[in-house]
Amino acid sequence: QLQASGGGLVQAGGSLRLSCTASGRAFYDSGFGDSALGWFRQVPGKEREFVACTDRSGRIRTYADSVKGRFTISRDKMTVYLEMNSLTPEDTAVYYCAQRSSRLGSRLLVDYDYWGQGTLVTVSS
């Protein structure tokens, strides 16, 4: 349904930009352009946690305290992005994009209807 990309290995203090889009028919069937979108991350052995979300318009953005001031979520009609700066080893995780069939974003995993496959971000010290 959703395809995330942009993960990789980066040194502490570095930056990465993640992207996520719904391709082909899925884009229209799921109403991607009219949906709220979010990013979550998960470390092996831990629960998936909220990172950031944006509403349908892209104007209302919410961040986890742990990434506020370092990460920026943005979107256009086709794609949602997560710009990550000043990365630390604690940011190492698999990052997932998610789509919610609502105008407004949410911090809660259960509020999202579609999920990407995840992209691995590894930050070395």
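Structure: see above.
Residue numbering note: each chain is counted from 1, following its sequence as written. Local features in this predicted model are restricted to residues of pLDDT 70 or higher, and side-chain atom pairs are both shown and tallied only at a pLDDT of 80 or more, whereas totals for entire chains, interfaces and linings draw on every residue. Note: side-chain values were computed over all heavy atoms of the structure, leaving out hydrogens and water.

## Focus: the sheet that holds strand 3 (residues 16-22)
Only strands joined by at least two bridges in the DSSP assignment are considered to pair. Only DSSP runs of H or I with at least four residues qualify as helices, and only runs of E with at least two residues qualify as strands; both kinds are numbered from the N terminus onward. Spatial strand order, 1-3-8-7: four strands in an open sheet with antiparallel pairing. Bordering the open sheet on either side are strand 1 (2-5) and strand 7 (71-75), each of which pairs with just one other strand. For this sheet the average axis-to-axis angle between neighbouring strands, irrespective of direction, equals 15 degrees. Of the strand pairs in this sheet, strand 7 and strand 8 (residues 79-84) are connected by five bridges, and their pairing is antiparallel. Directly across from Phe71, in strand 8, lies its bridge partner Met84. To define axes, lines are fitted to C-alpha atoms, for helices over the stretch in contact only, and angles between the resulting N-to-C directions are given on a 0 to 180 degree scale.

## Concerning the nonpolar core
Residues enter a nonpolar core if they are buried and are Ala, Val, Leu, Ile, Met, Phe, Trp, Tyr or Cys, with the set joined through side-chain atoms within 4.5 Å. Summary of the burial criterion: residues with accessible area below 20% of their type's maximum are buried, those above 50% are exposed, and those between are partly exposed, where the area comes from a 1.4 Å probe applied to protein chains only. One finds Trp39, Val51, Phe71, Leu82, Met84 and Tyr95 to be the most contacted residues of the largest nonpolar core, which totals 32 residues. Of all the secondary structure elements, the ones that give two or more residues to this core are strand 1, strand 3, strand 4 (36-42), strand 5 (49-54), strand 7, strand 8, strand 9 (93-100) and strand 11 (119-124).

## Things to note about the packing of aromatic side chains
In summary, the pairing rule links any two rings of Phe, Tyr or Trp, Trp by its six-membered ring, whose centres are within 6.5 Å, and it sorts them by plane angle into stacked for under 30 degrees, edge-to-face for over 60 and tilted for everything else. Per the counting criterion, the structure on display carries four aromatic pairs. Ring plane angle 55 degrees and centroid distance 5.1 Å describe the contact between Phe40 and Trp115, whose orientation is recorded as tilted. Of this pair, Phe40 sits in strand 4 while Trp115 sits in strand 10 (residues 114-115), and the two are 75 residues apart along the sequence. Overall, Trp115 belongs to the partly exposed group, its relative accessible area being 26%. Taken together through their ring pairs, the aromatic side chains of Phe40, Phe50, Tyr112 and Trp115 make up a single cluster.

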